[in-house]
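In case you want the letters, here they are:
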Amino acid sequence: MKRFATGGLAAVALVGVLALSSCSSSGGKEAADKESKAAAGGGPRIKIAMVTHSAQGDTFWDIVQKGAKAAASKDNVEFLYSADPEGGKQAQLVQAAIDQKVDGIIVTLAKPEALKDVLKKATDAKIPVVTINSGADKSAEYGALVHFGQDEKVAGEAAGEEFNKLGSKKAICVIHEQGNVGLEDRCAGAKKTFKGQMENLFVQGSNMPQVKSSITAKLQAAKDTDAILTLGAPFAATAVDSAKEAGSSAKVATFDMNKQLITALKDGSIQFAVDQQPYLQGYGAVDELWLYKNNGNVVGGGRPVLTGPAIVTKETADSIGPFADRGTR
């Protein structure tokens with residue numbers, strides 16, 4: 001058996017040498033090089049549009065874009081980004097991408113019904129769609145190849161369990177964008193596993209002074225509140241300030257990461273963060289569309305590809321810190 005295997009390998013090697021020799025002598029090497037270059041991400045340039053529900057100044061989406069742009073650079077992709085938190089306007093931006101005849105669309109489904117009709121137009125136009133971040137349960141129904149993100153209810157459940165470990169008894173879950181199904185799912189998941197009492201607090205995420213005053217007023221009115229869960233990193237620091245202003249000892253935790261949050265985790269002002277790895281969402285989505293266009297691949301067999309949740313605490317913050325410093329976590 002050993003001699004047969006060795007002989008087989010030698011025969012394969014000989015065939016490979018003859019094939020290479022044939023390419024060189026016939027001028028086929030140039031074609032082979034082009035094929036190799038295309039397989040490595042240097043194929044025909046394609047155009048991909050990402051349309052999200054991001055509000056202006058939300059650092060989370062800066063990280064998503066960094067991941068997408070890194071993959072676009074590698075894959076020879078022209079990357080276009082646009083965003084609007086209002087569902088109807090987001091749909092208009094998707095239509096604009098269709099009109100530009102892009103080769104692929106990446107979209108968030110924070111308000112899925114607003115995007116349903118326009119995504120049908122995209123798929124009817126044979127433009128492949130990938131969803132990220134929100135709307136996993138509607139992704140396949142709306143014709144997307146795959147969804148990249150975390151299961152928001154499962155992530156919320158993880159947050160509720162973390163508060164149980166802290167011994168919290170009464171919490172508020174701060175929703176900074178009404179109608180965003182992903183945010184509501186986070187709070188629902190947290191409420192499911194939290195052994196104490198949890199109440200939703202709606203605030204205007206685009207107006208940080210209003211966010212602070214709303215949380216402060218709630219803490220002053222419900223002095224037994226001992227836990228605050230925010231759903232985005234920028235709101236966590238505001239919640240800490242609100243607790244100080246209200247004279248509350250409520251412990252603050254949040255979803256998502258940024259550079260400033262690492263310091264807050266290390267000094268104990270934030271208890272934990274639920275990280276859904278936004279860089280990976282952007283990177284994976286662009287890569288998936290390139291793979292689909294160039295090789296017909298669908299990552300995950302069409303099922304959601306989970307990028308989280310990952311719980312980051314004081315004990316693990318140092319390992320994430322270098323990546324947060326460069327803006328990729």
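Residues numbered from 1 in each chain as written. Predicted model: local features only at pLDDT ≥ 70, side-chain atom pairs only at ≥ 80, totals over all residues. Heavy atoms only, no water.

> When you look at the environment of G67 in this model, what are you seeing that I'm missing?
Relative to the helices and strands, G67 is located in helix α3 (residues 59-75). For the pair formed by G67 and T328, sequence separation is 261 residues and the distance between their alpha carbons is 7.3 Å. Beyond its immediate sequence surroundings of up to four residues, G67 is in contact with Y279, G282 and Y283. (Helix = DSSP H or I, 4+ residues; strand = E, 2+ residues; numbered from the N terminus. Contact = heavy atoms within 4.5 Å.)

> Explain the environment of V181 here, please?
Looking at where V181 falls in the secondary structure, it is placed in helix α8 (residues 181-193). Classification of V181 by relative accessible area gives partly exposed; the value is 28%. Residues V181 and L109, spaced 72 residues apart in sequence, show a C-alpha to C-alpha distance of 8.4 Å. If we skip the residues at most four places from it in the chain, V181 touches L109, A110 and P112. (Buried < 20%, exposed > 50% of the residue type's maximum accessible area, 1.4 Å probe, protein only.)

> What is the right way to read the nonpolar core from this model?
One broad rule of soluble globular proteins: the nonpolar side chains tend to lie buried together. Residues I215, I228, M257, L261, L265 and I270 are the most contacted members of the largest nonpolar core, which totals 28 residues. Secondary-structure elements contributing two or more residues to this core are β6 (170-175), α9 (208-221), α10 (233-246), α11 (259-267), β10 (270-275) and α13 (317-325). Considering every element that reaches this core, the biggest residue donor is α10, with seven residues. Among residues more than four places away in sequence, those in contact with L265 are M257, I270, Q271, F272, A273, V312, T313, K314 and A317. Ranked by size, the runner-up nonpolar core spans 21 residues in total, among them A68, I106, V146 and F148. (Core = buried A, V, L, I, M, F, W, Y, C linked by side-chain atoms within 4.5 Å.)

> So what exactly am I meant to see when it comes to the sheet that holds strand β1 (residues 46-52) here?
Here we have six strands laid out as an open sheet, ordered β2-β1-β3-β4-β5-β11, and parallel in their pairing. Looking at the sheet topology across the chains shown, the edges are occupied by β2 (77-83) and β11 (305-306). Relative to strand β4 (residues 129-132), strand β3 (residues 104-107) is paired through three bridges, and the arrangement is parallel. Opposite V107, over in β4, you have T131 as the bridge partner. (Pairing = 2+ DSSP bridges.)

> Would you explain the packing of helix α4 (residues 87-99) against helix α5 (residues 112-124) in this entry?
Each pair of packed helices gets described by two things: the angle between the helix axes and the distance between those axes. Put simply, α4 and α5 touch, their axes get as near as 8 Å, and they point 5° apart. Classified by the interaxial angle, the pair formed by α4 and α5 is roughly parallel. Every residue of α5 that contacts α4 at G87, G88, Q90, A91, V94, Q95 and I98 is listed here: A114, L115, V118, L119, K121 and A122. Among the residues making up the contact of α4 with α5, the classes are represented as eight nonpolar, four polar and one charged. (Axes fitted to C-alpha atoms, helices over the stretch in contact; angles between N-to-C directions. Parallel < 35°, antiparallel > 145°, perpendicular 65-115°, else oblique. Nonpolar A, V, L, I, M, F, W, Y, C, P; charged D, E, K, R; others polar.)

> Teacher, can you tell me more about the side chain of E162 here?
Mapped onto the fold, E162 is located in helix α7 (residues 152-166). Excluding its chain neighbours within four sequence positions, the residues that come into contact with E162 are F272 and I311.

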